[in-house]
Amino acid sequence: MTLTPKNSGWIEVICGSMFSGKTEELIRRIRRAEIAKMNTIIFKPNIDNRYSSNHIVSHNQSKMESILVEDINEILENSTEMDVIGIDEAQFFSNELIPVCKKLAKDNKRVVVAGLDTDFKGIPFGPMPALMCESDFLDKLRAICVKCGNPASFSQRITKDSKQVLIGETDVYEARCRNCFKIVED
Ligand code: ZN
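Computed from a predicted model, the values in this text were never measured in an experiment. Residue numbering note: each chain is counted from 1, following its sequence as written. Since the coordinates come from a predicted model, pLDDT governs what is reported: local features require at least 70, and pairs of side-chain atoms require 80 or more to be given and counted, while whole-chain, interface and lining totals use all residues. Values reported for side chains reflect all heavy atoms of the structure, with hydrogen atoms and water molecules removed beforehand.

Attention now moves to the coordination of the zinc ion. With water excluded from the atoms, a metal site may look incomplete; its donors are any N, O or S atoms within 2.8 Å, or within 3.2 Å for Na, K and Ca. Protein-derived coordination of the zinc ion comes from Cys145 (SG), Cys148 (SG), Cys177 (SG) and Cys180 (SG), at a distance range of 2.3 to 2.4 Å. Coordination at the zinc ion is tetrahedral, judged from the four donor atoms that bind it and the angles of 101 to 118° they form at the metal. All donors of the zinc ion belong to a single chain; written as a sequence motif, their spacing is C-x2-C-x28-C-x2-C. Placement of the pair is cysteine 148 in the loop between strand 9 (143–144) and strand 10 (151–152) and cysteine 180 in the segment after strand 12 (173–176), with a sequence separation of 32 residues. Categorising residues by exposure relies on relative accessible area from a 1.4 Å probe, with only protein chains included: less than 20% of the type maximum marks a residue as buried, more than 50% marks it as exposed, and the intermediate range marks it as partly exposed. We classify cysteine 180 as buried; its relative accessible area is 18%. Note on geometry labels: four donors, all angles 85 to 135 degrees, give tetrahedral; four donors become square planar and six octahedral when opposite donors are over 155 degrees apart and every other angle is between 65 and 115; remaining cases are irregular. The helix and strand labels rest on DSSP assignments: H or I over at least four residues marks a helix, E over at least two residues marks a strand, and numbering proceeds from the N terminus.

As structure tokens, then:
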């Protein structure tokens, strides 16, 4: 990003498959904002007990403190004094996240949203497609296909569970390229 808006907020979206480095990139951007002495905060959805820690953690184990959100309004309530607002795992929020991000940007905040663009069936995930359209800056990251080594844009679920929300690590998902990605039928 070479040119950023003056006297205005904006929305940055970091999307991609599992293992594409989205959280790592979110942490990198928030750290740099902190070095620049900006007030920062990170939110993530409370969707599962396994997520009930107050940190976001990337696959390479870098981590940052975050606020676990039960009610979407907590994002606005906790952001009034903030310059830069990070939101991780944005795909798990409802579509109410879209007006929230727009409101923050309108209030001159820099909003950095990270999330899966598609689910394990390859279908656009939650509020992510709309946020990608609303974004001023958009990065789609790719992982590496574990089957063939191509750039990977898909998250292959390697268990039989067909719930859209199934949280897990390397034992539940693999990064796959378009050729190696297989849609799991119910
Ligand atoms: Zn492949």
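Turning to the packing of aromatic side chains, a few remarks are in order. Here a pair means two rings of Phe, Tyr or Trp (six-membered ring of Trp) with centres within 6.5 Å. Their orientation is stacked below 30 degrees between planes, edge-to-face above 60, and tilted elsewhere. Applying the stated criterion across every chain yields a total of three aromatic pairs. Relative to phenylalanine 137, the ring of tryptophan 10 has its centre 6.1 Å away and its plane inclined at 70°; by these criteria the two rings are edge-to-face. Placement of tryptophan 10 in strand 1 (residues 10–16) and of phenylalanine 137 in strand 8 (residues 137–141) is noted, with a sequence separation of 127 residues between them. Exposure remark for tryptophan 10: the relative accessible area of 10% places this residue in the buried category. Relative to phenylalanine 125, the ring of phenylalanine 92 lies with its centre 5.7 Å away and its plane at 90°, an arrangement referred to as edge-to-face. Here the residue phenylalanine 92 occupies a position in the loop between strand 6 (84–87) and helix 3 (97–106), and phenylalanine 125 occupies one in the loop between strand 7 (110–116) and helix 4 (128–134), the gap between them amounting to 33 residues. One exposure class covers both phenylalanine 92 and phenylalanine 125, and it is buried. Comment: the charge-over-ring label is applied if NZ (Lys) or CZ (Arg) is within 6 Å of the ring centre and within 35 degrees of the ring normal. A cation sits over an aromatic face here: arginine 157 above phenylalanine 120, 3.6 Å from the ring centre.

Let us look at the side chain of serine 135. As for its position among the elements, serine 135 is in the loop between helix 4 and strand 8. Among the residues examined, serine 135 registers a relative accessible area of 15% and is labelled buried. Residue contacts are counted whenever heavy atoms from the two residues lie within 4.5 Å of one another. Filtering out sequence-adjacent residues up to four positions away, serine 135 remains in contact with Ile11 and Val13.

For the rest of this paragraph, the subject is the sheet that holds strand 2 (residues 40–45). The pairing of strands in a sheet comes from backbone hydrogen bonds and takes either a parallel or an antiparallel form. Judged by pairing direction, the sheet is parallel, and its six strands sit side by side in the order 5-2-6-7-1-8 without closing on themselves. Strands at the two margins of the open sheet, each flanked by one partner only, are strand 5 (67–69) and strand 8. Sheet twist, expressed as the average angle between the axes of neighbouring strands with direction ignored, equals 20°. As judged from the four bridges shared by strand 6 and strand 7, these two strands associate in the parallel manner. Counted as the bridge partner of valine 84 is arginine 110 from strand 7. Only the stretch in contact is used when fitting a helix axis, every axis being a line fitted to C-alpha atoms; angles between N-to-C directions are given from 0 to 180 degrees. Most of the contacts of helix 1 (residues 22–35) go to strand 7, to which it runs at about 165°, and overall it touches strand 1, strand 2, strand 6, strand 7 and strand 8. We treat two strands as partners when DSSP finds at least two bridges between them.

Regular strands show a simple pattern: their side chains alternate between the two faces of the sheet. By the criterion of burial, strand 1 is predominantly enclosed, with seven of the seven residues buried. Here strand 1 shows no split at all, with Trp10, Glu12, Ile14 and Gly16 on one side and Ile11, Val13 and Cys15 on the other all buried. By the bridge criterion, seven bridges tie strand 1 to strand 7 in an arrangement that is parallel. By the bridge assignment for strand 7, valine 13 is matched with valine 113. Two elements, strand 1 and strand 8, share five bridges in a ladder whose sense is parallel. From the neighbouring strand, glutamate 12 faces strand 8, where its bridge partner is phenylalanine 137.

Looking now at the pattern of salt bridges. In the sections that follow, a salt bridge refers to a side-chain nitrogen of Lys or Arg positioned within 4 Å of a carboxyl oxygen of Asp or Glu. Taken as a whole and assessed by the stated rule, the structure comprises nine salt bridges. In this structure, aspartate 107 engages lysine 103 in a salt bridge whose closest nitrogen and oxygen atoms are separated by 2.7 Å. What makes lysine 103 partly exposed here is its relative accessible area of 42%. Among the ionic pairs, aspartate 117 bridges to lysine 140, the shortest N-O distance being 2.8 Å.

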